[in-house]
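Fold and contact review
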2 protein chains.
Amino acid sequence: MLTLEKKDNECQIGRDTAMQLLKDKIISEGIVKAGGVLKVDSFLNHQIDIALYNEMGKEFARLFKEQEVTKILTIEASGIGIACIAAQYFNVPVVFAKKMQSKNLDGDIYTSEVESFTHGKTYTIRVSKKFISSEDKVLIIDDFLANGKALVGLIDILEQAGATLIGAGIAIEKGFQEGGKLLREKGINIQSLAIVKEMDENRIVFE
Amino acid sequence: MLTLEKKDNECQIGRDTAMQLLKDKIISEGIVKAGGVLKVDSFLNHQIDIALYNEMGKEFARLFKEQEVTKILTIEASGIGIACIAAQYFNVPVVFAKKMQSKNLDGDIYTSEVESFTHGKTYTIRVSKKFISSEDKVLIIDDFLANGKALVGLIDILEQAGATLIGAGIAIEKGFQEGGKLLREKGINIQSLAIVKEMDENRIVFE
C-alpha cells in the first residue's frame, strides 16, 4: 500500500494545497519500477489528464507570472502538453526543443548534448535561432526533473541565445537524484509541484 | 509574394470563417521548401501560437463534439500540444502514441509501423493497451496530413484495440498528396482546418 507523508513548511503550503491533486494521482496511480523509474503514464506522460494539467498550468502561472515571461521553453515529447496548457495562463508562445533531426529543422540552430538515463543514450537537442533571442525572458517547463541533464541542455541553449532564464516549472522532481540540488545551488529558480523524497515498491514519500 | 486563393463551398464556409486565422498564418509565415515541405515552425510545430491552437481546438470541438468522444489520440511530438488544447473542449484524456522505445513503456502495447517521409525512415509507434479499450470512441488529432501514413498507423492501433474511430481532426492537410483522399474513400471522417491544394515558392493555394 502506498502512503503519503507530508512535511509542509511555510513556503510550500500554497503549493501543497494546489498540487494535492498531483500528489494524490502519484500516490494512487504511480508505479515504482526498478532503477528509480516512477511510471506516471496513466495521467502525465502517455495518457494525459487534462484537468490536472490545467491545475498545474495555473500553479506555474501563480509561481512565475509576475516575472514578465515572454516565452515558455520545453523539450519534446512529454513536456509539450504541460507547456501548452500552462502557456494559456501566461499568454506567451511555447517553443519546444527537438530531439530528432528533421527536414523541417534547418538554418541556424542552437544545439546541446543531453544524456538520457530513461532512454539510455545521449542525444542532441535543437532549437531554431529564430525563436529564442536575447530579448526573451524564458520559463522552462518540463514533466520530470531527476538528474537534470535535459534542464542543463535547455539552459545551455538559453545561454547561447543570450536570453534571460526566469526559472523552471517542473511537475515531478525526484528529490533523491541530484539535478534539483545542483541547479538550485547555481541560483536557478526551480519550482517543482511534487518532489519525491524517496520511493520504493511499497510507498512514495514527498518532501 | 504569397497569395491566397479561396474557393469556398457551402459546407466549408463555417470552417473557413473560424480557420481564417490559420490560413492567414500559413500565408504570412509558412515557407515552402523543396520536396513538398511546408515549414510552419513559427506557429505550429516548433514555436507554438497558443491562441491559434485554442481556436483550432474550439473548431475541432464544434466539428466532433456531438459524437461522444471518450478519448483523443495523437502522436508525438507535434500532435501533442494541439491535442491537449483541444481536449479541454471535449473534457476527455489525451493519449499520445510514442515513437521511441522507453523504459517507461513496458507491458502490453499496441504497435504499428509508420513510414515517415519527413524523417526519411520507418519507425514503430506504440500505445499501452491500458489506455485504449473497445469501449472508447476515439478522435485522432494531428498537425499534418500528407501521405497519411501516421494516421493509418494510429487507426491500425485503434482497430487492434477494437475501439470506435470517430474521425480525425487535422490542422493542415496537403491536399496534393494522397493521404486524405485514400482515407476519406474508406469512409473515415477527416476534418482538416486548412487544405493546401497547391504550393510553390511563390504561393500557397487552399481548397
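Our structure's up above, just so we're on the same page.
A brief structural summary. These numbers come from a predicted model, not from an experiment.

Our next topic: the sheet that holds strand E5 (residues 94-97) of chain B. With mixed pairing, the seven strands of this open sheet are ordered in space as E3(A)-E5(B)-E4(B)-E8(B)-E9(B)-E10(B)-E11(B). Strand pairing shows two members of the sheet lacking a second neighbour, strand E3 (47-48) of chain A together with strand E11 (204-206) of chain B, which therefore form its edges. In this sheet, E5 of chain B lies alongside E3 of chain A in antiparallel orientation, the contact comprising two bridges. By the bridge assignment, glutamine 47 of chain A is partnered in E5 of chain B with valine 95 of chain B. Running over the sheet, helix H2 (residues 20-29) of chain B touches strand E9 (164-174), strand E10 (190-199) and E11 of chain B and is turned about 30 degrees from E10 of chain B. The strands touched by helix H3 (residues 50-64) of chain B within the sheet are strand E8 (137-145), E9 and E10 of chain B, with E9 of chain B carrying the most contacts at an inclination of about 140 degrees.

All right, on to the interface of chain A and chain B then. At the junction of the two partners, chain A supplies 33 residues and chain B supplies 33 residues. Mapped onto the side of chain A that touches chain B, the elements with two or more residues apiece are strand E2 (37-39), E3, helix H3 (50-64), helix H4 (78-87) and strand E5 (94-97) of chain A. In terms of residue count, the dominant contributor to the side of chain A that touches chain B is H4 of chain A (five residues). Residues that form the side of chain A that touches chain B fall into these classes: 15 nonpolar, eleven polar and seven charged.

Turning to the relation of the copies chain A and chain B, a few remarks are in order. Once turned by 180 degrees and shifted 0.0 Å along the axis, chain A lies on chain B with an RMSD of 0.0 Å. Taken together, the rotation angle and the small translation identify this as a two-fold axis. Here 100% of the interface residues in chain A have copies in chain B that are interface residues too; the copies meet face to matching face.

Between its first and last C-alpha atoms H3 of chain A spans 21 Å; for 15 residues at 1.5 Å apiece the expected length is 21 Å, and the two agree. Residues Ile50, Leu52, Tyr53, Met56, Gly57, Glu59, Phe60 and Phe64 of chain A constitute the buried set of H3 of chain A.

If you look at the biggest cluster of nonpolar residues, it comprises 126 residues, and the most contacted ones within it are Cys84 of chain A together with Cys84 of chain B. Beyond its immediate chain neighbours, meaning those up to four positions away, cysteine 84 of chain A contacts Val94 of chain A together with Ile48, Ile50, Tyr53, Gly81, Cys84 and Ile85 of chain B.

Analysis parameters
Residues numbered from 1 in each chain as written. Chains lettered and ligands numbered in written order. Predicted model: local features only at pLDDT ≥ 70, side-chain atom pairs only at ≥ 80, totals over all residues. Pairing = 2+ DSSP bridges. Helix = DSSP H or I, 4+ residues; strand = E, 2+ residues; numbered from the N terminus. Contact = placed C-beta atoms within 7 Å. Axes fitted to C-alpha atoms, helices over the stretch in contact; angles between N-to-C directions. Nonpolar A, V, L, I, M, F, W, Y, C, P; charged D, E, K, R; others polar. Least-squares fit on C-alpha atoms with pLDDT ≥ 70 in both. Expected span 1.5 Å × (residues − 1). Buried ≥ 20, exposed ≤ 12 C-beta atoms within 10 Å, placed from the backbone. Core = buried A, V, L, I, M, F, W, Y, C linked by C-beta atoms within 7 Å.

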